[in-house]
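Letter by letter, the chains look like this.
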Amino acid sequence: MITRTRLAAGTCALLAALAAGMAFPAGAVAGEPTGEDAPKVDLVLDVSGSMRTRDIDGGTRMAAAKQAFNEVLDATPEEVQLGIRTLGADYPGDDRKTGCKDTAQLYPVGPLDRTEAKTAVATLSPTGWTPIGPALLKAADDLDGGNGSKRIVLISDGEDTCAPLDPCEVAREIAAKGIGITIDTLGLVPNTKLRQQLSCIAEATGGTYTSVAHADELTDKVNQLVDRAADPVVTPVATEGADACAKAPTLKSGLYTDREEFGQQRWYRVDVEPGQELRASVSVGADRAVNPSYGVLMRAVTVHGREIVRGEAAGNGRTDVLSTGLRYPKAESDEEDAPAETVCLQVTNSFSVASGVKTTPGLPLELTVDVVDGPNDSADVAAFGLGRGWWLLGLLVLVGFVAGLLWGWLSRWRFAIWRTN
């Protein structure tokens, strides 16, 4: 029993020490926006009558949106200029022509007064139509001017009711203006027509579509998109992977986009010099209805077909984007002019769709490649994948062992005193 006590105590001490180490991570260097002007975000909220529906965490969709907006307003970075636009918030009647003009700027895009913005949000009540197209055109005007990043975040629970002004065509028109606006869309209902429309809007401008079912998911996603507006703007480069490594394009460090058919594999090549480390990640998005249970696999392989390392992820239908990644450090060489190694990156997906769902074009794929200086010497590369952190783990193990011994000695002493008494 004393042995088990010592082992448990040592394990607890080790876990506590590890937890303490994780609580003080090394500081990260934040990126700075590439534009000289402040980044701008316009939150466009659907306030149509259907937002009264009570199907999000026992409350109405409108209540979930208000809660999310209040938390987002509290967390918005100081450097971001944020505005709020509504659609369907003011006209309760049946006249379609009037209802399709119902969009207004609830809070202007500019320096954020959190109290004033929250007060404006509190006044909202589900009312009328769903003029998504007109609202997007007005939101683009809200963000006019300046050379900083510009982002529209559209939150809706239903497709547009004001055709023939197709919101997808409106998004393409906004993208064609070349003013650098990205539109991200969030759907509050797992509806096929809504998913298709919101996906098309986002894809037209290089944005993202996400389906959310809970208030905390909505808050987290809007926060993420607002924070992203303050990040440096990186434009992905379109590339086309091959069906075999020998035919694959050679990529340098950067961000790339591609399309991958269902169940297809795509190959890319990266040259890694001795002493460098390859870091790669891939995200595959489901921009249409897919069957649950799917996965994404990324492998680093030599030109001769030997697997070096792999990364994989699986989903169950609760997310629209699946990501994975890998790292491969190449040791230094004793040869002065040692050649670079060509690493083949293979990306495979196991998404599938039901009959009637289009399988072309392929799923959107985003690939990040980063080739950086590796660990200082080859010994670090082979140190159980821990780099120069192995000594810290050894110290923690030693501390845990000593703590276990002390705990065991104290337990034996207390037991002896108890028997004596």
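What counts as what
Residues numbered from 1 in each chain as written. Predicted model: local features only at pLDDT ≥ 70, side-chain atom pairs only at ≥ 80, totals over all residues. Heavy atoms only, no water. Helix = DSSP H or I, 4+ residues; strand = E, 2+ residues; numbered from the N terminus. Buried < 20%, exposed > 50% of the residue type's maximum accessible area, 1.4 Å probe, protein only. Contact = heavy atoms within 4.5 Å. Areas by Shrake-Rupley, 256 points an atom, 1.4 Å probe, with all protein chains shown as cover. pLDDT = per-residue confidence, 0-100. Salt bridge = Lys/Arg side-chain N within 4 Å of Asp/Glu carboxyl O. Phe/Tyr/Trp six-rings, centres within 6.5 Å; stacked < 30°, edge-to-face > 60°. Arc of directions from axis to C-beta. Polar contact = N/O pair within 3.5 Å; in protein donor to acceptor, adjacent residues only side chain to side chain. Axes fitted to C-alpha atoms, helices over the stretch in contact; angles between N-to-C directions. Parallel < 35°, antiparallel > 145°, perpendicular 65-115°, else oblique. Left-handed = near helix turned anticlockwise from the far one by under 90°. Nonpolar A, V, L, I, M, F, W, Y, C, P; charged D, E, K, R; others polar.

## A few points about the overall build of the protein chain
- Of regular secondary structure, the protein chain possesses 10 helices and 17 strands.
- Looking at the protein chain as a whole, 43% of its 421 residues qualify as buried.
- Taking contacts inside the protein chain between residues at least 6 apart in sequence as the whole, the part at least 24 apart equals 75%.
- Carbon and sulfur atoms make up 54% of the accessible area of the protein chain, which totals about 22,200 Å².

## Quick notes on the environment of Thr368
- Tracing the sequence through the fold places Thr368 in strand E17 (residues 363-373).
- The exposure class of Thr368 is partly exposed, given its relative accessible area of 32%.

## Structural notes on the confidence of the model for the protein chain
- Taken as a whole, the protein chain shows an average pLDDT of 83; of its residues, 85% reach a score of 70 or greater.
- Below a pLDDT of 50 lies the segment residues 1-35, which in the model reaches 25 contacts outside its immediate sequence neighbourhood of four places, other chains included.
- Residue range residues 377-387 is modelled with pLDDT below 50. Its contacts to residues more than four positions away, or to other chains, number nine contacts.

## Describing the pattern of salt bridges
- Throughout the structure, instances matching the rule amount to 15 salt bridges.
- Between Arg61 and Asp157 there is a salt bridge whose closest N-O contact spans 2.6 Å. Residue Arg61 is located in helix H2 (residues 61-75), and its partner Asp157 is located in the loop between strand E6 (150-156) and helix H6 (167-176); the two are separated by 96 residues in the primary sequence. When sorted by exposure, Arg61 lands in the same class as Asp157, which is buried.

## Regarding the packing of aromatic side chains
- The full count for this structure, using the stated rule, is one aromatic pair.
- Taking the centre distance of 4.4 Å and the plane angle of 15° together, the rings of Tyr294 and Phe351 count as stacked. In this pair, Tyr294 sits in strand E13 (residues 294-302) while Phe351 sits in the loop between strand E16 (341-349) and E17, placing the two residues 57 residues apart along the sequence. An identical accessibility class is assigned to Tyr294 and Phe351; each is buried.

## Focus on H6
- Residues of H6 that are buried: Pro167, Cys168, Val170, Ala171 and Ile174. Summarising the axial view, the buried residues of H6 lie within an arc of 160°, below the 170-degree limit, and thus occupy one face.
- Contacts from the buried residues of H6 go to helix H5 (132-142), strand E7 (181-187) and helix H7 (192-204).
- A side-chain oxygen of the first residue of H6 lies 3.0 Å from the backbone nitrogen of Cys168; this N-cap is Asp166.
- Directly beyond the C-terminal end of H6, a positive phi value near 70° is found at Gly178.

## Brief notes about the packing of H5 against H6
- For the pair H5 and H6, the least separation of the axes is 8 Å and the interaxial angle reads 15°. In terms of axis orientation, H5 runs roughly parallel to H6. When the axes of H5 and H6 are compared, the crossing they make is right-handed. The residues of H6 that touch H5, namely those facing Ile132, Gly133, Leu136, Leu137 and Ala140, are Pro167, Val170, Glu173 and Ile174.
- In the contact of H5 with H6, the residues fall into seven nonpolar, one polar and one charged.

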